[in-house]
Amino acid sequence: MAFDLIKRGDWGARAPRGDYTQLESTKGTKVHYTGGRVNPAIVDDHDGCAALVRSIQNSHMDGNGWIDIGYCVDEETEILTQRGWTSYRELQVGDIALTLDHELGVSRWQPVLEVCVFPARRREMVRMQGPGHSSRTTPQHRWPVEGPRRERLWVTTETIGHRDRILLAAPCADLPAEAKWSDAFVELVAWFGGRPSVTVRPAHVTRVRAALSALLGRAPGWHESPAGDLVEFQLSDDAGRRLLEAAPGGVPGLGFLLALTRAQLALLVDTFMVAGDGRPAWKDRAAAEAFMFAALLAGHSAAIRHTGSWEVVLEGRHHLAPRERDDFQIVREEYHGEIWCPRTENQSWLARRDGTVYFTGNTYVACPHRKVFEGRGPHHLPAANGAGLNSGHYAVLGLVGNAGLVVPPDTMLHAILDAAGHLRELGNAGKEIKGHRDGYNTDCPGERLYAWVKRGAPRPGGGGGEPGTSAPPFPGRLLRYPPVTRGDDVRTWQQQMRRRGWTVDVDGAYGPEARDVCRRFQREQHIDDDGTVGPLTWRLTWEAP
């Protein structure tokens, strides 16, 4: 197949640091995108495309320590698993980690599929530091965020917008629906903490007494007695033993916490807060960690700090907009330690660094001039999902993001299909064309590219014999107002907009009403809202999701 291939030497690729894993054949091709913001100016500047590809390779090699173009955190960053907070040295494949279902805005328990660790050496990292947040990641590290209109996006460290908000917490969707323990027992675990007695303020006596009565009835299960200005509650040996089993050594076990319903987690957290007068603190770090574990599952954002005792602070916010704060730093700095990244199905995980908690991501070329940049090439394992996970498909990346240039021009779609055909001829690839999200819970390759893939990846204009349908050929003139544009092409566009649900007269006259509808549609598609139906707006009228 003859097509415009930019060889590695022509786009300035660096030599790989090692040998590629070889592939004999694949089922086909998976379409990816860059993520983050792509400068729309590259549409008119092919040198900008080459520079973007070089920056992606530099990030993958220098930031990740990968052998070639194919993102990570520092040694201090931990991951939350069902064993508690875990360092990368202790993390194992199969550990169950808390991840973010970014589409639904909830957290889920998922197995760790892979733990990638890269050796210590001199490399550049990006540190984000401010009240309630501390992270150190490789350049171009991916973050799940909420945008200014609460839209859920994936951005990189470099492309976090002024009003983009990093998620600090999300309610867990994988909590038990049926209670294993009574509410009274759960509350008493918090009050007694596994001890046989507890002394409380008079304001709390009624609440403790009610829980004890509900669980144990009256004596001999428990009794109360004055203790100065306080009241002491004493458990019988049998009742104390039952609480001790749930909270050995005064620490609620993680197995006990994982068996609680959403309402019981909220009850436990509330009781700890009341018992601690709003600022619970422990001499034993393990007890503080257990409380933090429960709070995070309940959907609270939390941070832990040591101030003579271990204190867990529940944040009133669930998001952090780093670029909105004057007291927040985003700096590049030299780093010499190991870097690591876990891989999960949701492509995300709950991280903790310096006591602060947040959700973060784990990451990994056709351009708008119908040119294809040679990456790893045929018969070489891609690296977009981590080592060993791409033997089924080659990867073709379109240079669009989720901000800036988000709509792939027809020339880019042609280039992706050209690359797929090239891989069939030289790489023994099958006919499948899928999106990165097929099989992986990720936003890649973005809504616009993925909608095209789901339609069968049709060749723009209906040519090339590719499966699927596409927009009818552009009529060759701009539909605009003023003056009123009239004709069958206007009627065709109006009919399609009516099918999409827009209120517009199908009269063949493109006047002020049609222009206003066009503008609203263009804003919805994140393209220039000039109110003129040109080639791009025409195509999106049929092909946009």
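That block above? That's the structure.
Residues numbered from 1 in each chain as written. Predicted model: local features only at pLDDT ≥ 70, side-chain atom pairs only at ≥ 80, totals over all residues. Heavy atoms only, no water.

Peer 1: Outline the overall build of the chain, listing residues and values.
Peer 2: For the chain, the helix and strand inventory stands at 13 helices and 30 strands. Sorting the 545 residues of the chain into buried and exposed places 54% on the buried side. Total accessible area on the chain stands at roughly 23100 Å², and carbon and sulfur atoms take up 49% of it. (Helix = DSSP H or I, 4+ residues; strand = E, 2+ residues; numbered from the N terminus. Buried < 20%, exposed > 50% of the residue type's maximum accessible area, 1.4 Å probe, protein only. Areas by Shrake-Rupley, 256 points an atom, 1.4 Å probe, with all protein chains shown as cover.)

Peer 1: So, the sheet that holds strand β13 (residues 165–167): which residues are in play, and what are the values?
Peer 2: The four strands lie next to each other as β12-β11-β13-β20, forming an open sheet whose pairing is antiparallel. For this open sheet the edge positions go to β12 (152–156) and β20 (319–320), each flanked by a neighbour on one side alone. Here five bridges tie strand β11 (residues 142–146) to β12, and the two strands are oriented antiparallel to one another. Following the sheet pairing, Val 145 is matched in β12 by Leu 153. (Pairing = 2+ DSSP bridges.)

Peer 1: Would you mind going over the packing of helix α11 (residues 488–499) against helix α12 (residues 512–524) in detail, with residue names and values included?
Peer 2: Contact geometry for α11 and α12: axes closest at 12 Å, N-to-C directions at 55°. One element, α11, and the other, α12, form an angle in the oblique class. Considering the relative orientation of α11 and α12, their crossing is left-handed. Each of Trp 493, Gln 494 and Met 497 in α11 lies in contact with α12, whose residues at this interface are Ala 514, Val 517, Cys 518 and Phe 521. Looking at the contact of α11 with α12 residue by residue, the classes come out as six nonpolar, one polar and no charged. (Axes fitted to C-alpha atoms, helices over the stretch in contact; angles between N-to-C directions. Parallel < 35°, antiparallel > 145°, perpendicular 65-115°, else oblique. Left-handed = near helix turned anticlockwise from the far one by under 90°. Contact = heavy atoms within 4.5 Å. Nonpolar A, V, L, I, M, F, W, Y, C, P; charged D, E, K, R; others polar.)

Peer 1: Outline the sheet that holds strand β10 (residues 133–137), supporting the account with residue identities and numerical values.
Peer 2: Taken in spatial order, the three strands line up as β10-β9-β21 in an open sheet, and their pairing is antiparallel. In this open sheet, the two strands that pair with only one neighbour each are β10 and β21 (329–335). Strand-to-strand twist of the sheet, defined as the mean angle between neighbouring strand axes without regard to direction, takes the value 20°. As defined by bridge partners, strand β9 (residues 123–130) adjoins β10 across five bridges and the pair is classed as antiparallel. Within β10, the position partnered with Val 126 by the bridge is Thr 137.

Peer 1: So what's going on with the packing of aromatic side chains? Residues and values would help.
Peer 2: Scanning the entire structure with this criterion turns up 15 aromatic pairs. Connected via pairs of aromatic rings, a cluster forms that spans Tyr 88, Trp 340 and Trp 349. Between the NZ or CZ atom of Arg 437 and the centre of the ring of Tyr 450, over which it lies, the distance is 4.3 Å. (Phe/Tyr/Trp six-rings, centres within 6.5 Å; stacked < 30°, edge-to-face > 60°. Lys NZ or Arg CZ within 6 Å of the ring centre and 35° of its normal.)

Peer 1: Can you lay out the pairing of β9 for me, pointing to particular residues and giving the numbers?
Peer 2: With six of its eight residues buried, β9 lies for the most part within the structure. The sheet contact formed by β9 and β21 spans seven bridges and is antiparallel. Note on β21: the bridge partner recorded for Glu 124 is Glu 334. In this structure, the hairpin formed by β9 and β10 is closed by a connection of two residues, where Gly 132 is found at a positive phi of approximately 80°.

Peer 1: Please provide a residue-by-residue account of the nonpolar core, values included.
Peer 2: With 56 residues, the main nonpolar core has Phe 192 and Phe 233 as its most contacted residues. It is helix α8 (residues 285–297) that contributes the most residues to this core, 10 residues altogether. Setting aside residues up to four positions removed in sequence, Phe 233 forms contacts with Phe 192, Pro 196, Ser 197, Val 198, Val 200, Val 205, Val 208, Arg 209, Leu 212, Trp 222, His 223 and Glu 224. (Core = buried A, V, L, I, M, F, W, Y, C linked by side-chain atoms within 4.5 Å.)

Peer 1: I'd love a proper account of the state of the cysteines, names of residues and values included.
Peer 2: Applying the stated criterion across every chain, the model contains zero disulfides. Just so you know, Cys 72 is unpaired, no disulfide at all, and the nearest cysteine sulfur is the one on Cys 341, 5.0 Å from it. Cys 72 sits in the buried class, given a relative accessible area of 1%. (Disulfide = S-S within 2.5 Å.)

Peer 1: Kindly report on unusual backbone geometry, identifying the contributing residues and their values.
Peer 2: Cis geometry is found at the peptide bond from Tyr 481 to Pro 482, where omega equals -5°. Along the chain, Pro 482 turns up in the loop between α10 (447–454) and β29 (485–486). Positive phi, close to 55°, is recorded for Asp 354, a residue that is not glycine. Unusually for a residue other than glycine, Ala 457 sits at a positive phi of about 50°. In this structure, Ala 457 sits in the loop between α10 and β29.

Peer 1: Run through the pairing of β10, naming residues and quoting values.
Peer 2: Within β10, five of the five residues are buried, leaving the element largely enclosed by the surrounding structure. The two faces of β10 match: His 133, Ser 135 and Thr 137 on one face and Ser 134 and Arg 136 on the other face are all buried.

Peer 1: Could you give an account of the packing of helix α3 (residues 183–192) against helix α5 (residues 237–246), naming the residues involved and the relevant values?
Peer 2: Helix packing geometry: the angle between the two helix axes and the distance between the axes. α5 packs onto α3 with a crossing angle of 85° between their chain directions and a minimal axis gap of 10 Å. By the criterion of interaxial angle, the relationship of α3 to α5 is roughly perpendicular. Contact with α3, carried on its side by Phe 185, Leu 188, Val 189 and Phe 192, involves Arg 242, Leu 243 and Ala 246 of α5 and no other residues of that element. Looking at the contact of α3 with α5 residue by residue, the classes come out as six nonpolar, no polar and one charged.

Peer 1: An account of the environment of Glu 158 is needed here, citing residue identities and associated values.
Peer 2: Residue position: Glu 158 is located in the loop between β12 and β13. Overall, Glu 158 belongs to the partly exposed group, its relative accessible area being 26%. Between the C-alpha atom of Glu 158 and that of Pro 139, which follows or precedes it by 19 residues, the distance is 7.2 Å.

Peer 1: Just give me the short version of the environment of Pro 408, but keep the residues and values in it.
Peer 2: Counting through the fold element by element, Pro 408 comes out in the loop between β27 (403–404) and α9 (410–427). Residue classification places Pro 408 among the buried positions, given a relative accessible area of 3%. Sequence-distant contacts of Pro 408, defined by excluding residues within four places in its chain, comprise Val 400, Leu 413, Arg 448, Leu 449 and Arg 539.

No statement about biological role is implied by the geometric values presented.
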